[in-house]
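# Coordinate inspection notes
Here is how the chains run, residue by residue.
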Amino acid sequence: MDFEHVVDGRYSVREFSDRRISLSKLRQIVKEAQKAPSWVNSQPWKVYIATGTSLSQVKAMFHRQDVAQAPSNPDLAVMSRDDWGGQTQANMKKWRHDIVAHFSSFEEAHQTMTDAMLKLNNAPAIAYITIPKSTPAWSVFDAGAFAQTLMLAARNQGIDSIPTYNSVRFPDEIKSILQIPLDERLIIGIELGYATNSTINKYRADRVPLDQVLKIED
Ligand SMILES: Cc1cc2nc3c(=O)[nH]c(=O)nc-3n(C[C@H](O)[C@H](O)[C@H](O)COP(=O)(O)O)c2cc1C
């Protein structure tokens, strides 16, 4: 696939079909993600893919936690939306407004998004990316570059994705299921699979005008 098709074709999928991804394809996209740049080539990332039995265990654990209304406890702290800077807050508000407007009613939007979240979007695989706890903030940058390269590599193989905070809300339980060492920090879960034709997957998030993010001094 040419680069523009890959970049334009990646978007956040919130309902995956039951079709599984072959292990060879999963290996291939992680191998390509390893091409991402990192601080002094430190390559701080590790990837733990939950699929099949281990993913069923992850989903069952999520269900138990949600039924018990367990509080989220992510390794990376979450900041209240009210404390974000003005433009980023406005962008988040617009996203929420646009995605609700994509459905025929607020109730439909709310129900669809809640179901998707509770079912981890029905993903047949989740790639959990970690970095060691003893790394500088720069390694979070490296993990982000790695994650985006992984999602583009996936799209190039015809595989859809979504990075989710939702999938890393219970890191202790995930580390226990996937045998992730406790001295690693769980950064993100990239849910992978094949998109269905549902309404939620037809939504495309907007971007601000180029001149709002770019200043060139010549
Ligand atoms: C760090 C991170 C966490 C995210 N967590 C969630 C999530 O928990 N649930 C969700 O529906 N989308 C989540 N997203 C997807 C964003 O909403 C999405 O990337 C953004 O709206 C832009 O849309 P696009 O990916 O379709 O281009 C997350 C994205 C990032 C980068």
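Criteria and cut-off values
- Residues numbered from 1 in each chain as written.
- Predicted model: local features only at pLDDT ≥ 70, side-chain atom pairs only at ≥ 80, totals over all residues.
- Heavy atoms only, no water.
- Pairing = 2+ DSSP bridges.
- Helix = DSSP H or I, 4+ residues; strand = E, 2+ residues; numbered from the N terminus.
- Axes fitted to C-alpha atoms, helices over the stretch in contact; angles between N-to-C directions.
- Patch = residues over 30% accessible without salt bridge, like charges linked within 9 Å, V, L, I, M, F, W, Y side chains within 5 Å.
- Areas by Shrake-Rupley, 256 points an atom, 1.4 Å probe, with all protein chains shown as cover.
- Salt bridge = Lys/Arg side-chain N within 4 Å of Asp/Glu carboxyl O.
- Near = heavy atom within 4 Å.
- Polar contact = N/O pair within 3.5 Å; in protein donor to acceptor, adjacent residues only side chain to side chain.
- Nonpolar A, V, L, I, M, F, W, Y, C, P; charged D, E, K, R; others polar.

### A word on the sheet that holds strand E1 (residues 46-51)
In a beta sheet, neighbouring strands are held together by backbone hydrogen bonds and run either parallel or antiparallel to one another. Ordered in space as E1-E2-E4-E3, the four strands form an open sheet in which the pairing is antiparallel. A single partner strand is all that each edge strand has here, and the edge strands are E1 and strand E3 (160-164). Strand-to-strand twist in this sheet, taken as the mean axis angle between neighbours without regard to direction, amounts to 25 degrees. By the bridge criterion, five bridges tie E3 to strand E4 (residues 184-193) in an arrangement that is antiparallel.

### Points about a nonpolar patch on the surface
A contiguous nonpolar patch, built from Val208, Leu210, Val213, Leu214 and Ile216 and spanning about 480 Å² of accessible area, is present on the exposed surface. Mapped onto the elements, Leu210 comes out in helix H8 (residues 210-213).

### Overview of the site of the ligand
What surrounds the ligand is a group of 13 residues, the closest being Arg10, Ser12, Arg14, Tyr165 and Arg207. Between Trp95 and the ligand, the recorded distance is 3.1 Å, taken from a side-chain N or O atom to an oxygen atom. Protein contact buries 64% of the 620 Å² of open area that the ligand shows by itself. Looking at which element gives the most residues to the shell around the ligand, the answer is E3, with three residues. When grouped by side-chain class, the residues that make up the shell around the ligand number seven nonpolar, three polar and three charged.

The analysis is restricted to geometry; functional conclusions fall outside its scope.
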